[in-house]
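Notes for the structure review
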Amino acid sequence: MSGKQESVVDVQGTVEDGFEPVRDAFMANFARRGERGAAVAVYHHGRKVVDLWGGTKDGDAQGEAAPWEAGTAQVIRSASKGIAAVVPLLLHQRGQLDLDAPVGTYWPEFKAAGKERVLVRHLLSHRAGLPVLDTPLTPAEAIDGVSGPAAVAAQAPLWEPGTDHGYHAQTYSWLLGELVLRITGRTIGNWIAEEISGPLGLDLWLGLPESARSRVGRLAAVETPAPPAATGLRVRPKQSVAEAYADPNSLTSRAFAAISPGPDENDPAYRAAELPASAGIATARSLACCYAALIGAVDGHPRLFAPATLTLARTEESAGLDRTLLVHTRFGLGFMLHGSAAPLLGPGSFGHPGHGGALAAADPTTGLAFGYVTNGMQRNVTSDPRPQGLLRALSHVAGGPASHVAGFPAVSLL
């Protein structure tokens with residue numbers, strides 16, 4: 001991009017001494033990597049050290065565009081899954097949920113169609129065999145709170161639960177949401193608001209309230225940059241992966257098409273829905289703060305995860321070739337783990353990306369917690385060049401390996 005284009009973006013916020021490379025990488029995203037509007041935040045041992053934002057609030061803005069502001073939030077797509085996973089782990093920590101119990105213990109209707117032996121941990125580690133629906137839901141059915149749980153309860157698994165893994169791109173919403181409702185009597189969005197976002201003062205919602213609607217920018221598709229702007233990442237998926245996405249009958253396509261036609265993510269009704277697979281909304285600052293609170297005290301609040309729970313979050317449950325994504329993925333209980341398909345903060349880190357660029361993660365070893373949101377939806381996810389450039393800069397200042405984000409294949413998640 002030209003120097004004139006680079007100068008248009010007014011990056012604002014704060015960076016503590018020593019973390020300036022993250023600011024430089026953030027500015028480079030606008031200059032060279034197709035960024036339109038975004039924010040990034042980093043916590044280190046419970047203290048905020050990076051809090052930056054810039055560009056336009058709306059990814060599809062034309063003419064005089066409203067600027068991204070300190071409180072601007074965005075839909076985070078599958079990064080929602082990591083936030084949602086906090087709920088069952090905290091329920092387990094409090095003795096309200098047995099991870100090794102059959103799901104039907106809490107949700108009797110779920111036992112249908114050969115699912116009597118599906119365990120709670122299978123839902124969280126994408127091992128339940130339920131990534132598709134034989135009859136996809138319409139966007140209206142997906143958010144009505146009834147049709148989704150009924151559909152997954154009636155669905156027969158594609159493989160013997162617990163024997164293999166495949167990313168549950170959409171069905172994760174109804175599986176996890178209904179489980180939490182059956183156990184607590186509260187929707188998962190209300191639980192997060194009352195137990196996490198409220199106490200920590202986070203701008204993080206699963207089910208956007210009308211009072212916050214004006215703060216959320218619009219999403220828009222943008223072109224993925226080619227190397228060298230892609231920071232050394234391979235931005236084109238393998239042919240087999242591309243073919244799977246193009247084939248409407250493949251497991252890959254059917255998993256993402258469990259809602260068909262695809263919902264309008266800028267629709268207020270969709271944003272108000274409690275879909276833990278895809279419809280979370282947050283600021284980068286609140287994403288980073290939430291993950292910081294999982295691994296340590298933040299702003300006088302005690303850590304959310306006890307040591308044993310933190311171990312559960314980042315202990316590998318699934319690894320190897322993912323039946324849905326057709327690349328090698330690693331999952332703990334609800335979180336993706338650092339690896340070739342999900343470059344995070346280094347070995348031992350956990351988090352979750354979202355299709356289009358959003359990413360949140362934490363690393364108990366270094367005390368780092370990271371949050372990034374954007375309104376420009378590129379096709380890459382786990383290897384999106386924008387957050388990966390930020391992680392590379394952060395790894396330098398934190399003394400970690402700078403090579404852990406390089407050379408990984410691009411993967412498309414929800």
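Our subject in this report is the structure included herewith. As the structure is a prediction and not an experimental result, all values here were calculated from the model.

**Observations concerning the pattern of salt bridges**
Applying the stated criterion across every chain yields a total of 20 salt bridges. Here Arg182 makes a salt bridge to Glu109, at a shortest N to O gap of 2.9 Å. Residue Arg182 is located in helix H7 (residues 172–184), and its partner Glu109 is located in the loop between helix H3 (79–93) and helix H4 (120–124); the two are separated by 73 residues in the primary sequence. Judged by its relative accessible area of 33%, Arg182 falls in the partly exposed class. On the basis of relative accessible area, Glu109 is assigned to the partly exposed category, the value being 46%. Between Glu194 and Arg186 there is a salt bridge; the shortest N-O distance is 2.5 Å. Glu194 sits in the partly exposed class, given a relative accessible area of 47%. By relative accessible area, Arg186 is classed as partly exposed at 24%. Three or more residues joined by partner-sharing salt bridges are found here, namely Arg94, Arg186, Glu194 and Glu195.

**Re the sheet that holds strand S4 (residues 74–75)**
The pairing of strands in a sheet comes from backbone hydrogen bonds and takes either a parallel or an antiparallel form. Overall, antiparallel pairing links the 3 strands, which are arranged S4-S7-S5 in an open sheet. Two strands bound the open sheet, and with one partner strand each, they are S4 and strand S5 (204–205).

**What about the nonpolar core?**
Judged by nonpolar contacts, the single largest core of 81 residues is most densely connected at Trp174, Ile196, Tyr291, Leu294, Phe305, Phe335 and Phe350. With 10 residues, the top contributor of residues to this core is helix H12 (residues 284–295). Counting 22 residues, the second-largest nonpolar core is a separate cluster that includes Ala25, Ala38, Val50 and Ala361.

**What to know about the pairing of strand S3 (residues 47–55)**
In terms of burial, S3 is largely enclosed, as 7 of its 9 residues are buried. Connecting the antiparallel pair strand S2 (residues 37–44) and S3 is a turn made up of 2 residues, with His45 showing a positive phi of about 50°.

**Some thoughts on the side chain of His165**
Summarising the element assignment, His165 is placed in the loop between helix H6 (147–154) and H7. One polar contact links His165 to Thr329, side chain to side chain, over a distance of 2.8 Å.

**Thoughts on H7**
With 13 residues, H7 should reach 18 Å at 1.5 Å per residue; the first-to-last C-alpha distance of 18 Å fits that figure. Counting buried residues in H7 gives 10 out of 13 residues, a clear majority hidden from the surface. Along its buried surface, H7 packs onto H3, H4, helix H5 (139–142), H6 and helix H8 (188–200). The positive-phi residue at the C-terminal boundary of H7 is Gly185, with phi of around 80°.

**Side note on the packing of aromatic side chains**
If you walk through the whole model with that rule in mind, you get 8 aromatic pairs. Residues Tyr167 and Phe256 carry aromatic rings whose centres are separated by 6.5 Å and whose planes lie at 45° to one another, so their mutual orientation is tilted. One end of the pair, Tyr167, is in the loop between H6 and H7; the other, Phe256, is in helix H10 (residues 251–256), with 89 residues separating them in the sequence. The pair formed by Tyr167 and Phe256 is uniform in burial state, with each residue classed as buried. Here Tyr291 and Phe335 contribute two aromatic rings whose centre-to-centre distance is 6.1 Å and whose plane-to-plane angle is 70°, an arrangement assigned as edge-to-face. You can see Tyr291 sitting in helix H12 and its partner Phe335 sitting in the loop between strand S9 (328–331) and strand S10 (336–337), a full 44 residues away along the chain.

Calculation criteria
- Residues numbered from 1 in each chain as written.
- Predicted model: local features only at pLDDT ≥ 70, side-chain atom pairs only at ≥ 80, totals over all residues.
- Heavy atoms only, no water.
- Salt bridge = Lys/Arg side-chain N within 4 Å of Asp/Glu carboxyl O.
- Helix = DSSP H or I, 4+ residues; strand = E, 2+ residues; numbered from the N terminus.
- Buried < 20%, exposed > 50% of the residue type's maximum accessible area, 1.4 Å probe, protein only.
- Pairing = 2+ DSSP bridges.
- Core = buried A, V, L, I, M, F, W, Y, C linked by side-chain atoms within 4.5 Å.
- Polar contact = N/O pair within 3.5 Å; in protein donor to acceptor, adjacent residues only side chain to side chain.
- Expected span 1.5 Å × (residues − 1).
- Contact = heavy atoms within 4.5 Å.
- Phe/Tyr/Trp six-rings, centres within 6.5 Å; stacked < 30°, edge-to-face > 60°.

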